[in-house]
Amino acid sequence: QVQLVESGGGLVQAGGSLRLSCVASGITFRFNTMAWYRQAPGKLRELVASITGSGNSRYADSVKDRFTISRDNAKNTVFLQMNSLKPEDTAVYYCNPLRITGSPSDTWGQGTQVTVSS
């Protein structure tokens, strides 16, 4: 049974930073590409960043050069360091182990709320 537990969200002023964490269980973590998604009110869930088991990462254009995804395979944990936050980054952030096709798996955690004030 896959479980995903996100943490680290909060309220921050524009220009500030947050570091999100996600602990995964029930998967062979080191072999999974892990991703961070976010969903703002009234909007579709969008892919923010992903990282392969070997550490290759990709980013949405909207967060490139501001966010950094990383992972600790020994702790089954994926991180998202978010710098230079903007009000438009406000959303609930979720992690997800991607399928081999690159699409998200069906299991989602509770997410962690990030709110950026202007």
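Right above here is the structure, for reference.
The following paragraphs examine the structure supplied in this document. (Residues numbered from 1 in each chain as written. Predicted model: local features only at pLDDT ≥ 70, side-chain atom pairs only at ≥ 80, totals over all residues. Heavy atoms only, no water.)

Across its full length, the protein carries zero helices and ten strands. Written out in order from the N terminus, the α and β elements of the protein read β-β-β-β-β-β-β-β-β-β. What you see for the protein is a C-alpha radius of gyration of 13 Å, in line with the 13 Å of a compact globule of 118 residues. Principal axes of the C-alpha set define a box for the protein whose edges measure 40 × 25 × 25 Å. Contacts spanning at least 24 positions in sequence make up 54% of the contacts within the protein whose residues lie at least 6 apart. Summed over all atoms, the accessible surface of the protein reaches about 6,300 Å², with 48% contributed by carbon and sulfur. Put simply, the protein has 12 plus and 8 minus side-chain charges, and the middle of one group is 4 Å from the middle of the other. (Helix = DSSP H or I, 4+ residues; strand = E, 2+ residues; numbered from the N terminus. Rg over C-alpha atoms; globule rule 2.2 N^0.38 Å. Contact = heavy atoms within 4.5 Å. Areas by Shrake-Rupley, 256 points an atom, 1.4 Å probe, with all protein chains shown as cover. Lys, Arg positive; Asp, Glu negative; His and termini not counted. Charge placed at Lys NZ, Arg CZ, Asp CG, Glu CD.)

It is worth spelling out the packing of aromatic side chains at this point. By the definition in use, this model includes two aromatic pairs. Ring geometry for Y94 versus W108: centroids 5.9 Å apart, planes at 85°, classification edge-to-face. Of this pair, Y94 sits in strand β9 (residues 91-97) while W108 sits in the loop between β9 and β10 (112-117), and the two are 14 residues apart along the sequence. A residue is classified by how much of its surface remains accessible, and W108, at 28% relative accessible area, is partly exposed. Above the ring of Y94, the side-chain terminus of R45 is found at 4.2 Å from the ring centroid. A cation sits over an aromatic face here: R71 above F29, 4.5 Å from the ring centre. (Phe/Tyr/Trp six-rings, centres within 6.5 Å; stacked < 30°, edge-to-face > 60°. Buried < 20%, exposed > 50% of the residue type's maximum accessible area, 1.4 Å probe, protein only. Lys NZ or Arg CZ within 6 Å of the ring centre and 35° of its normal.)

Its location among the elements puts T101 in the loop between β9 and β10. The class for T101 is exposed, based on a relative accessible area of 66%. Sequence separation between T101 and A14 is 87 residues; the distance between their C-alpha atoms is 35 Å. One polar contact links T101 to S103, side chain to side chain, over a distance of 2.9 Å. (Polar contact = N/O pair within 3.5 Å; in protein donor to acceptor, adjacent residues only side chain to side chain.)

Let us look at the pattern of salt bridges. For the coordinates displayed, the defined rule picks out five salt bridges. For E46, the salt bridge is made with R38, and the minimal N-O distance between the two is 2.6 Å. On the basis of relative accessible area, E46 is assigned to the partly exposed category, the value being 34%. What makes R38 buried here is its relative accessible area of 6%. Salt-bridge contacts for R99 lead to D106; the nearest nitrogen and oxygen are separated by 2.8 Å. Among the charged side chains, a network of salt bridges with common partners joins R38, E46, R66 and D89. (Salt bridge = Lys/Arg side-chain N within 4 Å of Asp/Glu carboxyl O.)

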